[in-house]
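Analysis of the macromolecular model
Given next are the chains, with one letter for each unit.
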Amino acid sequence: MRILHTADWHLGKRLDFFSRHEEQLEVMAEICQIAKDQEVDMVIVAGDLFDAFNPPVGSTELLYKTLKQLTRNGTIPVVAIAGNHDSPDRVNVADVLARENGIIFIGNPTDEVPTFETEGGFKVTKSDIGFIEIALPQYKYPVRLMHTAFANEVRLKEYFGEDKQQSLQDSLSHKWQSLSDKYCDDKGVNLLTSHLFMLKRGEDVPQEPDGEKPINIGNADLIYSDSVPKSIQYVALGHLHRHQDVGEHQPVVYSGSPLSYSFSEASQQKYVAIVDIEPNSEANVTQIPLKGGRGLVRKSFNCVDALVEWLSENPYKLVEITLEMDEYLKAEDRKRIYQSHDGIIHLIPKVTNDKSAESVSTSIDLTKEVGSLFIDYFKSKNEGQEPNEEIMNLFNEILNN
């Protein structure tokens, strides 16, 4: 059996002011093509389908169209769970129509998917809170999927009951083990999908991505991968945007996001995971690199001409530029920079002319004319750097109006 695992699509995401919708169209089409080329039997999308509780209409349409295409007319089960960026109610709202097309939405950790059958496709033959069993016509054995959509404090109380004396780690471990003991023998493929912060015990806690809503507050919501039952052959995770395996006894994989969504991810190659698996055996995981989207680049320059030349040679990048010069950036240079490239997200000018060693008087001589007082003030706020001609002209213009 071959499974495609992806996560953290963040449809509707912007990079500061810059929309990523066109890139998301491109990478969603790429994921659909990979699923077709790899002839996968099932797809898991492990949360953060959207970037916000109320995504743009275009992003909602993109989600439904992509999932429907992945199902291949309802013959391939596609399971999509809610992440911490998703509204569980919005994820579940299309569930009835979605199931007819082979899409299984899971918004809450308390959700119990009804048993059903698609025309000429697959069957959900068993269901429980946090569990489904699926029969695929091309295999004699079933696939069992334990699922835990993202849960905040309120949702966790619903899931675990009002008594939360046990830690989240212990509670999840107990729930998962109970489901495993009840359903997951070695006669089928056994999987788990969730959207949470999981780590191999003893390893350093990784940083959550920039711009990501944190779910790891003071390590209270940190789950160790040794809490996964040993009967589970593969764990499909979402939340962290870099592809990584945090498994203790089996592959426990963050597939990563399909695009770099912050400059902290600028150097990351993005992937989907392809999992080949059969009952009572180890899963074989292959990373398929994604090529879609505009790459994110952080660079530093000390010359406007060199910067403009590089921007012209790299028109498809989204860039964060630090420009270090010994004088303040002029308006005409700033205009020239922005006219040379449409993907400048941040331009950070830094003045390197070190005049901090010069003593700046801390006393104020009110007998000086106002222009001299402004120069003294400017130097006091900028490590001794004097205002350039452009700044002084602007000051005088304001002063004379």
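Heads up: the structure comes first, above all this text.
Because the structure is a prediction, the values reported are computed rather than measured.

Reading guide: rules and limits
- Residues numbered from 1 in each chain as written.
- Predicted model: local features only at pLDDT ≥ 70, side-chain atom pairs only at ≥ 80, totals over all residues.
- Heavy atoms only, no water.
- Pairing = 2+ DSSP bridges.
- Helix = DSSP H or I, 4+ residues; strand = E, 2+ residues; numbered from the N terminus.
- Axes fitted to C-alpha atoms, helices over the stretch in contact; angles between N-to-C directions.
- Contact = heavy atoms within 4.5 Å.
- Core = buried A, V, L, I, M, F, W, Y, C linked by side-chain atoms within 4.5 Å.
- Buried < 20%, exposed > 50% of the residue type's maximum accessible area, 1.4 Å probe, protein only.
- Parallel < 35°, antiparallel > 145°, perpendicular 65-115°, else oblique.
- Nonpolar A, V, L, I, M, F, W, Y, C, P; charged D, E, K, R; others polar.

Side note on the sheet that holds strand 21 (residues 344–351)
With parallel pairing, the three strands of this open sheet are ordered in space as 19-20-21. Edge strands, defined here as strands with exactly one partner in the open sheet, are strand 19 (296–301) and strand 21. The mean angle between the axes of side-by-side strands here comes to 10°, regardless of whether they run parallel or antiparallel. Sheet topology places strand 19 next to strand 20 (residues 318–325); six bridges connect them, and they run parallel. Across the sheet, phenylalanine 301 pairs through a bridge with leucine 323, a residue of strand 20. In the packing of helix 7 (residues 304–313) onto the sheet, contacts are made with strand 19, strand 20 and strand 21, and the angle to strand 20 comes to roughly 165°.

Structural notes on the nonpolar core
Leu67, Ile104 and Phe105 are the most contacted members of the largest nonpolar core, which totals 60 residues. Excluding residues that lie within four positions of it along the chain, leucine 67 makes contacts with Trp9, Val45, Val78, Ala80, Ile103 and Phe105. If you look at the next biggest cluster of nonpolar residues, it comprises 23 residues, including Leu196, Met198, Leu240 and Val246.

A few points about unusual backbone geometry
The phi angle at aspartate 16 is positive, at roughly 60°, despite the residue not being glycine. Of note, the phi angle at asparagine 73 is positive, near 60°, even though the residue is not glycine. Looking at where asparagine 73 falls in the secondary structure, it is placed in the loop between helix 2 (57–71) and strand 5 (78–81). For asparagine 73, a relative accessible area of 70% translates into the label exposed.

Observations concerning the packing of helix 1 (residues 21–37) against helix 2
Contact geometry for helix 1 and helix 2: axes closest at 10 Å, N-to-C directions at 10°. Comparing the axis directions of helix 1 and helix 2 gives the class roughly parallel. Judged by residue contacts, His21, Gln24, Leu25, Met28, Ile31, Cys32 and Ala35 of helix 1 engage Gly58, Ser59, Leu62, Thr66, Gln69 and Leu70 from helix 2. When the residues that make up the contact of helix 1 with helix 2 are grouped by side-chain class, the tally is seven nonpolar, six polar and no charged.

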